Amino acid sequence: MDFEFVIPELRAELLRGGKVKQYTVAELLPPTLLRAPLDEFQSVFRTQGPLAILDHFDVLYGVLCHFKSLDASLQERTLDLVMKVVSKHASILPAVLAPSPPAPLLRQQHLNTLKMGCYLLTQLVEAFEERGAKMQTLNVVAGGKARRPKAASLSVDWETDRVSSLQHLTQLLQLELWPLGPPDAALTRIVTRCCYRLLESPAVVHVKNKPVRDAVAHLLALMIRRYNHMLGATLNIMQLLQHFEHVAPALVHIVSIWANEYGLKTIVGEILREIRLTVDNSGGSETLGVRAMAAFLSELAEEIPAAILPNVSLLLDLLNKESAALRTGVLSCLSHMVCRSLSGPGLDADSRRLRDAFLDLLSQHLHDCNALVRSRALQLLAAVVRGKALPLKRFQPLVTLATGRLSDKAVNVCKNAINLLAAILANNPFCGRLSIDELSLSHQKELTKLLSLRAERGTAAGAPLNPQEEWEAILPELLPALQAALDEGETAEREGEIGDSPQALCGEVRALLKDARYREASRLALEGLSVYPDVFPFLSPTSDPQDGEGGSVDETSLLRILQACLRGDSTEQDEEGDWKVPEPEVDEGTSALARQEVLVQYLHDTLTFGEAIQSAIEIVGKLLASKNPSVVQDAIHFFVSIAEFDVPGSMAGMKQMLPLVCSKEPGVREAVVDAYRQLYLNPNGKRPKPLVLVQNLTALIFDASMERIKCLEELVSEFVRQQEVGDSVIQLLWERFTGKVAATADERRAAVILLGMGARGEAEIVGSNLETLFTVGLGPRAAENYQLARDVCTTIGKITHTKKGVSGQREASFRLPSDHPLFSSISTAVTEGFSTPSPGWRPFAEAALSLVYRLAETPDRLAGRLLVQCSRLLLSPRPVSAPPSPASPQSNGTTDQVPSHLLANLVCLVGHVALQQVVHLEQNVAPEIQRRRLEREQHSSKQRTANTSKRGSVSAMEEELGLVEGSVEDTEADLVRRICDGELLEEGQLLAAFVPLVVRLCSNPGAYADCDLATVSCLALCKLTFVSHDFCERNLRLLFTLLEKSPSPSIRCNTMVALGDLCFRFPNLLEPWSPSMYSRLRDPSRSVRRTALIVMTHLILRDMVKVKGQISEIAVLLVDDDEEISLLARSFFNELSCKGNTVYNLLPDIISRLSDVECGIEEEPFHAVMRLTFGYITKDRQTESLVEKLCQRFRTATLDRQYRDLAFCLGLLPASERGLRKIQDNFDCISDKLQQDYVYQQFQSLVGRLRRALRPELKVLVDEFEQRICRCHSRGLDEGDSIDAKSSQLPKAVAKGTAGKKMSVSETPGVGRRRKPRRKVCVDFSSDEEDEDEDDDQDAAVMDCDTPVLSPIRRSGQRRGPPRARR
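Please read all numbers here as calculations on a predicted model, not as lab measurements.

Draft legend 1. Just the overall build of the chain, in detail. Within the chain, the secondary structure is distributed over 61 helices and zero strands. Here the chain holds 1367 residues, and 46% of them are scored as buried. Taking as baseline every contact in the chain between residues at least 6 positions apart, the subset at least 24 positions apart corresponds to 74%.

Draft legend 2. Summary view of the packing of aromatic side chains. Enumeration over the complete set of coordinates arrives at 18 aromatic pairs. Ring geometry for Phe 3 and Tyr 23: centres 5.1 Å apart, planes at 40 degrees, overall tilted. Residue Phe 3 is found in the segment before helix H1 (35-48), and its partner Tyr 23 is found in the segment before H1; the two are separated by 20 residues along the sequence. Side by side, Phe 3 and Tyr 23 carry an identical accessibility label, which is buried. On the numbers, 6.2 Å between centres and 80 degrees between planes, the contact of Phe 1227 with Phe 1265 is edge-to-face. In this pair, Phe 1227 is assigned in helix H56 (residues 1227-1230) and Phe 1265 in helix H58 (residues 1259-1278), connecting sequence segments 38 residues apart. By the burial criterion, Phe 1227 is buried, and Phe 1265 matches it. Here the aromatic cluster, defined as three or more aromatic residues joined through ring pairs, consists of Phe 3, Phe 5, Tyr 23, Phe 57, Tyr 61 and Tyr 119.

Draft legend 3. Representation of the pattern of salt bridges in the model. Applying the stated rule across the entire model yields 55 salt bridges. In this structure, the salt-bridge partner of Lys 84 is Asp 80, at a minimum N-O distance of 3.2 Å. Separated by four residues within a single helix, Lys 84 and Asp 80 lie in helix H3 (residues 72-97), roughly one turn from each other. Salt-bridge contacts for Glu 1124 lead to Arg 1086; the nearest nitrogen and oxygen are separated by 2.6 Å. Remark: Arg 1086 occurs in helix H48 (residues 1086-1101) and Glu 1124 occurs in helix H50 (residues 1123-1137); sequence separation between them is 38 residues. Accessibility expressed as a relative area gives 33% for Glu 1124, which makes it partly exposed. Judged by relative accessible area, which is 35%, Arg 1086 ranks as partly exposed.

Draft legend 4. Spatial organisation of a negative patch on the surface. There is a patch of like negative charges on the surface, built from Glu 983, Glu 986, Glu 987, Asp 1030 and Glu 1033. For Glu 987, the position within the fold is in the loop between helix H41 (963-982) and helix H42 (995-1003).

Draft legend 5. Up close: the packing of helix H28 (residues 690-701) against helix H31 (residues 745-761). At a minimum axis distance of 10 Å, the contact between H28 and H31 shows a crossing angle of 100 degrees. One way to sum up the angle between H28 and H31 is to call them roughly perpendicular. Judged by residue contacts, Leu 697, Thr 698 and Ile 701 of H28 engage Ala 750, Ile 753, Leu 754 and Met 757 from H31. The class makeup of the residues in the contact of H28 with H31 is six nonpolar, one polar and no charged.

Draft legend 6. Representation of the confidence of the model for the chain. Here the chain averages 79 in pLDDT, while 82% of its residues score no lower than 70. Counting contacts from residues 541-551, a segment whose pLDDT is below 50, to residues more than four positions away or on other chains yields 13 contacts. For residues 1277-1367, every residue scores under 50 in pLDDT, and the model assigns this stretch 111 contacts once sequence neighbours within four places are set aside.

Draft legend 7. Region of interest: the environment of Lys 798. Note that Lys 798 resides in the loop between helix H34 (786-797) and helix H35 (821-832). Along the primary structure Lys 798 and Met 757 are separated by 41 residues, whereas in three dimensions their C-alpha atoms are 7.9 Å apart. When neighbours within four sequence positions are excluded, Lys 798 is seen to be in contact with Glu 713, Gly 756, Ala 759 and Arg 760.

Draft legend 8. Examining unusual backbone geometry more closely. Even without being a glycine, Asn 228 presents a positive backbone phi close to 55 degrees. Relative to the elements of secondary structure, Asn 228 occurs in the loop between helix H7 (210-226) and helix H8 (230-243). Overall, the relative accessible area of 69% leaves Asn 228 in the exposed class. Its identity as a non-glycine residue notwithstanding, Gln 723 has a phi of 55 degrees, on the positive side. Of the residues examined, Gln 723 reaches a relative accessible area of 70% and is grouped as exposed.

Draft legend 9. Examining helix H27 (residues 666-681) more closely. Counted at 1.5 Å a residue, the expected span for H27 with its 16 residues is 22 Å, and the 21 Å between its end C-alpha atoms agrees. Buried residues of H27: Val 668, Ala 671, Val 672, Val 673, Ala 675, Tyr 676, Leu 679, Tyr 680 and Leu 681, and no others.

Draft legend 10. Main features of the packing of helix H51 (residues 1142-1154) against helix H53 (residues 1180-1196). Running from N to C, H51 and H53 cross one another at 25 degrees; their axes reach a closest spacing of 11 Å. One way to sum up the angle between H51 and H53 is to call them roughly parallel. The handedness of the crossing between H51 and H53 is right-handed. Residues Tyr 1144, Leu 1147, Pro 1148, Ile 1151 and Ser 1152 of H51 lie in contact with H53, whose contacting residues are Gln 1182, Ser 1185, Leu 1186, Lys 1189, Leu 1190 and Arg 1193. Of the residues assigned to the contact of H51 with H53, the class counts are six nonpolar, three polar and two charged.

Draft legend 11. Spotlight on the environment of Leu 902. With respect to the element layout, Leu 902 can be found in helix H38 (residues 900-939). A relative accessible area of 5% places Leu 902 in the buried class. Note: C-alpha distance between Leu 902 and Leu 874 (28 residues apart in sequence) is 6.4 Å. Non-local contacts of Leu 902, meaning those with residues more than four positions away in its chain, are made with Phe 834, Ser 835 and Leu 874.

Draft legend 12. Representation of the environment of Ala 675 within the structure. With respect to the helices and strands, Ala 675 occurs in helix H27. Overall, the relative accessible area of 3% leaves Ala 675 in the buried class. Linking Ala 675 and Leu 658, residues 17 residues apart in sequence, is a C-alpha distance of 10.0 Å. Ignoring sequence-local partners within four residues, the contact set of Ala 675 consists of Ile 636, Val 640 and Met 657.

Draft legend 13. Fine view of the state of the cysteines. The full count for this structure, using the stated rule, is zero disulfides. Residue Cys 194 stays outside any disulfide, its sulfur separated by 5.6 Å from that of Cys 195, the closest cysteine.

Here is what the cut-offs are and how they apply
Residues numbered from 1 in each chain as written. Predicted model: local features only at pLDDT ≥ 70, side-chain atom pairs only at ≥ 80, totals over all residues. Heavy atoms only, no water. Helix = DSSP H or I, 4+ residues; strand = E, 2+ residues; numbered from the N terminus. Buried < 20%, exposed > 50% of the residue type's maximum accessible area, 1.4 Å probe, protein only. Contact = heavy atoms within 4.5 Å. Phe/Tyr/Trp six-rings, centres within 6.5 Å; stacked < 30°, edge-to-face > 60°. Salt bridge = Lys/Arg side-chain N within 4 Å of Asp/Glu carboxyl O. Patch = residues over 30% accessible without salt bridge, like charges linked within 9 Å, V, L, I, M, F, W, Y side chains within 5 Å. Areas by Shrake-Rupley, 256 points an atom, 1.4 Å probe, with all protein chains shown as cover. Lys, Arg positive; Asp, Glu negative; His and termini not counted. Charge placed at Lys NZ, Arg CZ, Asp CG, Glu CD. Axes fitted to C-alpha atoms, helices over the stretch in contact; angles between N-to-C directions. Parallel < 35°, antiparallel > 145°, perpendicular 65-115°, else oblique. Nonpolar A, V, L, I, M, F, W, Y, C, P; charged D, E, K, R; others polar. pLDDT = per-residue confidence, 0-100. Expected span 1.5 Å × (residues − 1). Left-handed = near helix turned anticlockwise from the far one by under 90°. Disulfide = S-S within 2.5 Å.

As structure tokens, this is what we get:
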């Protein structure tokens, strides 16, 4: 057996002959003949051991060559035999090599056995791995539907055998094999190739395969340490990262094992160097390999940051590469190094500088051009804050940076900015409470105390300066003198000898510095360096204390010596060789002053930090209106955090997010509920005391709008329903209301409101104490506080709510008998307060009437009696000395006058009774009739079932189609409608007696000049119009007159709201008057414009108003001076853009109306409006169509202003190839307008954008377009005189027809004249929804005579306006 086994590059090389004595496979057995020789090898192995492989290698080689065609059992058996050979060889080899070097023949035999075993085992591992990957691929492709592989093929436990194979190789190769010969490169190649092949499998990163990763790591570490595989490992890692993105976590695990367990930290630097070279060669673009490298760097820094820190310079240049993933990976490395290696109090100066440099880089990339990098930088800074690694001085600048990122357009950036602010607040090193007012008072108090201490010290000791302050003061003058002393290079000539000790010499230097003799002090310090080179403070950092000579002296060293002499430091040295600076001995006054300075500085830093946090609250509050639910949830969590730290503005933020409890997003709603639960029901993980909870809830009610109170009601009812509000809290609320516990009037009101909110969740809270409510709230003390009485009525009304039974039917509503004491109390309170001019009586009276209609059995009778009683009070005799009221004119020669407040109170009752009567009929009477009908039908269902066979075919068909039930329901609705239209306001009815009074008050604003009376009368008239269709039609013109001409903004607001509601009730009546409603969008009053915008938004989005050209009035509000109105307008267009192509269809009309010189707006606001509206054009087809329409519109435009506006709008559209071709196709429409400089500049700007946007092969098209523009512009300038001459020679008839119109190039004879004017209709620039066409010969401009008289908006059709009033 005197041969040499050479590990081949290719498997087939063993079949060919090679060098002399090189092993060659004699015969490759077929697959069918392999089992018997394998049995023979197994038996020989039992007797001869691992050397048996030398005679039976051909059999194992045959199994390897025919592996894919063999049975699984034979494959497993072969693998098991080879592993046993390798394991047995590893166990006997130390005994062979230990005593003395083996004989040459024995050495060659064991070397061949080693190579054969390693070769066969690695090849089998790769074969099994390939088979497993193939089977997994087949299973994925089959998708579970195809036939599964046989169970025998899966019987092998490959997961265990794979790890065992690697462990056997490690056990063998870790032996001292040098006696067998030098390391074989081929052996290293096959072993390491097997390891890297295993890492290519995606399954290697799974948690269950951690033993595989560990085994690979240990085997590769062995190859690196003993077989010179470091360079190969580095290159293979780079290849794996470039081709397999999944392998990064596994490689991080392996490299961390190399660095931590084997001390191979140098390979980390080699890998980083190769990454940098690879990225530089690839240009740094975003590729699969670059993303894998970025993930590898990030996770590696998290595992072994100390190993990366010495090589960090190799990574910093990668921050300038194009790949965003690479930049995020490098930034992750920096943050991990800051948190793990550069944090803590024991950092030296170099480490602090390095930490600050890393934090600067992280802060700079908050402004990265890529949103992913900005978002990741914010996340990393938040991790640094949570890791307590951020220096104190960086908290405030970081808050400022995070606040700036709150306005970022990227959603993830906004979210992470909010999270960073929350992390800063939760981990701030200042204090747990950041109340600005308290901090400001404390800071001012302590600052005053500090100033007094300084004054006392100055009086007692001449106010000596702090050594540091003194050094900073003399430093500017010291530097030139020190530099001069260094330049001279000589010591000063002094009389006498140098001081006997370093301390004495240091004192002389200090005295010279005190006397401002800086050059002499510098020379003396230099002399001290030569005399005392090894004694502090004259020891230079560059000198060795063991040497007798000092090192070279630079400016920094000399400055350190001078500063130490000035401070009077001693010469003590610590154990590590560093010079210690002892604490100066100070007296008690100096110590108190120092402590006070530290306290003042702490309060100043805390106050500054709190103010920085407070500046971010307003911006985060705006994010609560974001469309992204995750951003809203993060903003909610932020407000919870600042509320826990008592930051000013947190309560405003909590109130601002309260309406989100009604959000359609379940996550947002749940976040709001959890936020209030955490702050109010479970603060700091503890249940609050009842008094604290009641006070906190009361604070939310103060100054809250009705909307927020309703939202708070949802929260409180939810908490009561979940039994999270204890009985003690409810009891305390009752005691506050009844006066058993001292409370203010506002606190009593808040208690009543909170009880009503709780009644929504549990009606028994109010139902069991109903008598207490109306006895206390509506009793004799009701006149003292009508607001409390109104809230009591509202709270009592919460005990009634509509329920549906199990079968979905409506249950009978809860009603009280008409003689109940509650209604007597209401009647007494209303009538007794009728004559008082209290402003709170009318809201109370309306709430009382609403409660009567909600609870009483016969509410119409009770309301009628109440109206009669108040009418008698109005007509009751009054003293003669009563002052006259300007509200009531004299009539019929009488001098009787009615006080205006009495008349206003009566009119208020009339209007509210009418409205509540309609509501009662529609919401209570009609459903009750329907409920009773359903009960009757269910009662007689058995009879109807028995008689089903006797019904005719027509009736059966009607019942099947649901026509019978529908007709009955229509009958009930018609009944209510007939009652409202024909009975409530007809003669003989109670309300009819008051209608003329209300109409007269509204029709004569000059006679009844009282503002309060006019407002109440207008509101009553609006309520009366809801009752009857005929009454509304008769008085609709009066309402619109009040809307347009009333001097009171409140009247115009109330009328606008009422008209919006009437559009839902009587849409056909209100449709012709829509232009008048649009006109209020330009009302001079801010409140009216805001109300009109809200009403029109509601009507348009609910499709109750046909959207046409008047939408331009809302577009104007996009640039309104009032920020709230402009935000509402933007919100409207945001919602409108979600309804298909609505904004695209309306945009032509908006441009046409706003560019009109008479009814439009100025150019600058027009540009701002167009920029906003064109932002909603996102589809390519819409852009192309708009390009064509804008070009065609140039033909119909007649004014220079219109040319400029159209050119500006054309420039707002995105540059594209199709858009350019559309302009080319319609170039004759714009060619004659290019003579204007502004139009020409806009098209030149368009050319520039086209050059940047289009592909290089389309630049020829852009050049051609630019040449045509330039030619038209030049022709317009050069031929201006000739065109004027030709126009003067036109026939008189033509000249007469064109008088007053500007002659364009296209209208000049022979220059682009159109043949058929009918084409103008085909290219009309109106919206796609417009249903009125122009006549063939009609000009595009609308004449003044065509404007309707009654419509305030120009160009509205006459036939759509309101009819003229008859005289």
